[in-house]
Structure formats: C-alpha cells, structure tokens
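Here is how the chains run, residue by residue.
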Amino acid sequence: MRRMHARVFIDGFADTLAAGFRFNVRTVLLLAAINTGIAAVLWIDDTRPFWHPLLTVQLYGFSIAYCVNAAAPWSKPRPILRLAIAVAIGTCIGLVLTILVKGYSLSYVMTQPSTFASNAFAGFANGLFVSLFFYVQFRESQAAIALHKAEVERHLLSKQAIEAELKLMQAQVEPHFLFNTLASVQYLTETDPKEANRLLGHLIEYLRAALPHLRASSTTLRKEVGLAEAYLNILRMRMGARLTFTIDVPDELAMHPFPPNLLISLVENAIKHGIEPTASGGTVAVRARREGGMLFITVEDTGRGLGSTSRSGGVGLANIRERLAALYGTKAQFSLERGVPAGARATLAIPLEADIAESMPVSHASPAKATTP
C-alpha cells in the first residue's frame, strides 16, 4: 500500500514538473520580449555589456514562468497565494542558475550579498507583476468564455421554448375558425348544396395541409403557400365578394425550406386586422422573391391599415420576431409597414440556402401560383 501511495505521489510530482514546460510559441516569445525589455531598463545603470543583464533577467524570468506554469494556480483555491509561492520558488531557482551559468564562485557571492539579494528581490517583484498580468488575462478570458457559454445556453433554451410553444400552437386547430366553417357548411347544405360541397372540399384541403405540420419542425415554402391558399379559399367562400386574394411564388423558390406557420400567421393577421374590420373588404396578396442570398415573403392587404395597435404590436407578430431570432439570429428580418394607397405590408426576409433547397425532394402538390378574381 505504501509503495502504491509513493508511486502515485511520484507520478503526480513528475506530471507537475512536466507541466511546467507546456508553453506555446507565442507565450515563449512574449516572455522573452518582456524579459528583454526589463533587461534594457536595468542596463541603463549597468556598465557591463548588455548580455549580462539580459542573461540574468532571462534566467529569472523563465525560471519563474516555469514554476508558475507547473503550479497552475489559476483555477485552484487561493490562487494569489499559490502564485506568490510559485514566483518565490522560481526566483530562488533563477538565482541559482544565474550563479552557475555566469560562473560566480561561492566566495564572490558571499562578498556581494546585497547585490544578489537586490537582484532576487527585483526578480521576485517583476515576476509577480508579470504573473499577475497573466492571471488577470486568464480570469478575463475565462469570464468571457463563461459569458459566451451562458449566452449560447440561453439562446438554446429560448429556441427550445419557442419551438415548444410552436408545437402547442400546431397541435391546436383554431376553434372559432373551424366551428364557423362547419357552421357555414351546415347552412349551405340546406340553402346551396353545391357551395357547401365546395366549402367542405376547401376545409379538407386546409386540414390536409395543416395536420402534417403538427409534428414537423420544418417544411417548404410550397407547403406553407398551400396551407395559406386553402385557408384563403375557405374565407373567400364565407366572406364572398368582400375578399379576393392573389398568390405569386416562383417555382424555383417553392421548394425552399421554410419555418412552419410563419406565413399563415401573417395571412391570418391580414384577414383579422385588415380585411374583416372593413365593410368593403379588400385583397390579400402573397408574393415571394429572391434578392441576393435572401428570400423575401410579402403579405400585403388593402384593408384597414396600421391604425390598430394590436395589429402592429400584437402577440402574434412578437412571436414571429422571436421565432426568426431563435432560428436565424440576426440574419433574418421582419417588417410591417403601411401599404400604398391603403392597407398594410408585412415582409419576411430569411437566408436563402440554395444548396439545401436544391437537395430536397420535389413535391407533387399543386404549383404554388394561384390567382382569384
């Protein structure tokens, strides 16, 4: 047992000694430059050649650096005390090396105790100052790393929270919209069976497009446009001549990856706050275009405009901004502005990842271009 403990102690001590030599080239050059600068200052009052103070300071400096590196006090308890002890040991080693390398005899050392003592004190003071400088730099870098890690974790948690909220939203079909549509189907069944059949068909298309999104974390622009088109077809039958819509999405953009439920949220916002409050109704236009490396999706209506506070700063639009920030950071943009001559225009801009879009399979859904009267 004693031999085992002795072996462990020897191995640990050997590792500590070996750790003192773990310098990178940048650190060695920096230490050499600092030592040379200190030697140049000392040489001002020294009548001997420059190599005398240079050699002395380099021996002291690298001895202290070795001991500090071997002690590695940065993340241990009472680091300043450990650092001071390591510098003191390094100063003693530097003093011995200076005497041996320069060939001073013991009798000469005994006749010049004040000189060697002052050199040792200066070496300790300079070594402690430089070591404290490195210690402060280490603490700052560790604090920056911890802050960055915390920011990454916060961003990840925020993204997960938003995606969880999205999953909850996706798991719910808007009750009022569904019930009102079914009520309209029931009414038309008695008054106009053909229109009831058409409305029921649009509802089936909407549910067929919406239900796969319940478990999807990503989809394509074509599928999102299909969902919006089915939604608008239902509302056009319910609202009659008060609602018209146009959809214009180029085929080359239709298969681009797109976050689920962003487009339908903008369309719902345009209907709820723009078209429905207006007696004469209006038009909703959905357009997509490519500019450089960005995909721009615009939902524009000719309804009431931005006079409603809930429209310009509501929870739905805030969720859109949060989702964009979580998914794309600062690369995505969202804007809501007044339409010309009336209404409002909402624009999404997300990075256009052409390689991902081209690698996705082509859907057999209907083309994402439609125009209604």
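Residues numbered from 1 in each chain as written. Predicted model: local features only at pLDDT ≥ 70, side-chain atom pairs only at ≥ 80, totals over all residues. Heavy atoms only, no water.

**Observations concerning the overall build of the protein**
Our working rule: The helix count covers DSSP runs of H or I at least four residues long, the strand count covers runs of E at least two residues long, and both are numbered beginning at the N terminus. Whether two residues are in contact is decided by their heavy atoms: any pair within 4.5 Å suffices. Under the convention used here, a 1.4 Å probe and the Shrake-Rupley method define accessible areas, while residue burial counts only the protein chains that appear.
Within the protein one finds 14 helices and 8 strands. Pairs at least 24 residues apart make up 72% of the contacts formed inside the protein by residues separated by at least 6 positions. Of the roughly 21700 Å² of accessible surface on the protein, 63% is carried by carbon and sulfur atoms.

**With respect to the packing of aromatic side chains**
Operational definition: The pairing test for Phe, Tyr and Trp rings, Trp by its six-membered ring, is centres within 6.5 Å, and the orientation test on the planes gives stacked under 30 degrees, edge-to-face over 60, and tilted for anything in between. Partly exposed residues are those whose accessible area sits between 20% and 50% of the maximum for their type, while under 20% is buried and over 50% is exposed, using a 1.4 Å probe and protein chains only.
With the rule as written, the count across this model stands at 4 aromatic pairs. Between Tyr 104 and Phe 116, the ring centres sit 5.6 Å apart and the planes meet at 80°, which makes this aromatic pair edge-to-face. Here Tyr 104, found in the loop between α4 (79-102) and α5 (106-111), pairs with Phe 116, found in helix α6 (residues 113-170); they are 12 residues apart in sequence, far enough to count as distant. The exposure class of Phe 116 is buried, given its relative accessible area of 9%. Joined through ring pairs, the aromatic side chains of Tyr 104, Tyr 108 and Phe 116 make up one cluster.

**So, the packing of helix α3 (residues 51-71) against α4**
Convention followed: Note on definitions: angles span 0 to 180 degrees between N-to-C directions of axes, and those axes are lines fitted to C-alpha atoms, for helices only across the stretch in contact. The sense of a crossing depends on the near helix, which, turned anticlockwise from the far helix by less than a right angle, makes the crossing left-handed and, turned clockwise, makes it right-handed. Note that Gly is not counted as nonpolar here; it falls among the polar residues with everything else outside the nonpolar set of Ala, Val, Leu, Ile, Met, Phe, Trp, Tyr, Cys and Pro and the charged set of Asp, Glu, Lys and Arg.
At a closest axis distance of 7 Å, the pairing of α3 and α4 adopts a crossing angle of 145°. Crossing of α3 against α4: the hand is right-handed. When the residues that make up the contact of α3 with α4 are grouped by side-chain class, the tally is 15 nonpolar, 7 polar and 1 charged.

**Focus: the side chain of Thr 347**
Tracing the sequence through the fold places Thr 347 in strand β7 (residues 344-351). According to the relative accessible area criterion, Thr 347 is buried, its value standing at 10%. Here Thr 347 is in contact with Phe 296, Ile 297, Thr 298, Gln 333, Phe 334 and Ser 335, once residues within four sequence places are set aside.

**Structural notes on unusual backbone geometry**
Look at Arg 78: it is not a glycine, yet its phi comes out positive at around 45°. With respect to the secondary-structure elements, Arg 78 resides in the loop between α3 and α4. Of note in the backbone geometry, Asn 261 takes a positive phi value of approximately 75° without being a glycine. As for its position among the elements, Asn 261 is in the loop between β3 (257-258) and α11 (262-275). A relative accessible area of 14% means that Asn 261 is categorised as buried.

**A short note on the pattern of salt bridges**
The condition that has to hold: Any carboxyl oxygen of Asp or Glu that lies within 4 Å of a side-chain nitrogen of Lys or Arg is treated as forming a salt bridge with it.
For the coordinates displayed, the defined rule picks out 4 salt bridges. The salt bridge involving Glu 300 is made with Arg 287; its shortest N-O contact spans 3.2 Å. Of this pair, Glu 300 sits in strand β5 (residues 294-301) while Arg 287 sits in strand β4 (residues 282-291), and the two are 13 residues apart along the sequence. Its relative accessible area of 15% is what places Glu 300 among the buried residues.

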